[in-house]
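Topology and contacts: notes
Residue-level listing of the chains:
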Amino acid sequence: MVSAVFVTGRLGKPVDSVTRFVELDRVIPGPMGEYQVDQIPVVTYGGPGCLFMKAPIGSFITVKGHLETREKLGLVVCLELEEIFPLKKKK
């Protein structure tokens, strides 16, 4: 089965040297009016030195990829194309 996934959100914390969470805000508030954040594990083939792994937490990202399962993480998005808008470092 072929899969295609598009995810738009913010870069979260790294999981390992080639995996990082992408954070998505839910569009419908919970019962107390708060908006929950979902964390999607995304795996890159670019290695630990690529922009996906080095960009600051909170950077805006759009990802195109496919779905796979990994033993430790379960369902993950495997990165094929990304567009990253890195946050500027605070002075």
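Summary of the structure given here. A quick note: this is a predicted structure, and the numbers were derived from the prediction, not measured. (Residues numbered from 1 in each chain as written. Predicted model: local features only at pLDDT ≥ 70, side-chain atom pairs only at ≥ 80, totals over all residues. Heavy atoms only, no water.)

Our focus in this paragraph is the overall build of the chain. Within the chain one finds one helix and five strands. Its helices and strands taken in sequence order, the chain reads β-β-β-α-β-β from the N to the C terminus. The C-alpha atoms of the chain give a radius of gyration of 14 Å, which matches the 12 Å a tight globule of 91 residues would have. In the chain, which comprises 91 residues, the proportion classed as buried is 31%. (Helix = DSSP H or I, 4+ residues; strand = E, 2+ residues; numbered from the N terminus. Rg over C-alpha atoms; globule rule 2.2 N^0.38 Å. Buried < 20%, exposed > 50% of the residue type's maximum accessible area, 1.4 Å probe, protein only.)

This paragraph deals with the environment of Leu 75. Locating Leu 75 in the fold gives a position in strand S5 (residues 74-85). Considering only alpha carbons, one finds Leu 75 and Val 42, 33 residues apart in sequence, at a separation of 9.4 Å.

A word on the sheet that holds strand S3 (residues 37-43). The five strands lie next to each other as S1-S2-S3-S5-S4, forming a closed barrel whose pairing is mixed. Averaged over neighbouring strand pairs, the angle between their axes works out to 55° when direction is ignored. Bridge count between strand S4 (residues 60-70) and S5: eleven bridges; the pairing is antiparallel. Looking at S5, one finds that Thr 69 is bridged to Leu 75. (Pairing = 2+ DSSP bridges. Axes fitted to C-alpha atoms, helices over the stretch in contact; angles between N-to-C directions.)

Attention now goes to the environment of Lys 72. Counting through the fold element by element, Lys 72 comes out in the loop between S4 and S5. We classify Lys 72 as exposed; its relative accessible area is 81%. With 37 residues separating them along the chain, Lys 72 and Tyr 35 place their C-alpha atoms 27 Å apart.

Let us now look at the nonpolar core. With 14 residues, the main nonpolar core has Leu 11, Val 22, Val 42, Phe 52, Ile 61, Val 63 and Ile 84 as its most contacted residues. Counting residues per element, the ones that place at least two in this core are strand S1 (5-16), helix H1 (51-54), S4 and S5. (Core = buried A, V, L, I, M, F, W, Y, C linked by side-chain atoms within 4.5 Å.)

Moving on: the pattern of salt bridges. By the definition in use, this model includes five salt bridges. When the shortest N-O distance is used, the salt bridge between Arg 10 and Glu 23 registers 3.4 Å. Taken as a pair, Arg 10 in strand S1 and Glu 23 in strand S2 (residues 19-25) lie far apart in primary sequence, 13 residues in all. Its salt-bridge partner being Lys 64, residue Glu 80 comes within 2.5 Å of it at the nearest N-O pair. Taken together, the residues Glu 80 in strand S5 and Lys 64 in strand S4 connect sequence positions 16 residues apart. Connected through salt bridges with shared partners, the residues Arg 10, Glu 23 and Asp 25 form a single ionic network. (Salt bridge = Lys/Arg side-chain N within 4 Å of Asp/Glu carboxyl O.)

Read these as spatial facts, not as claims about activity.
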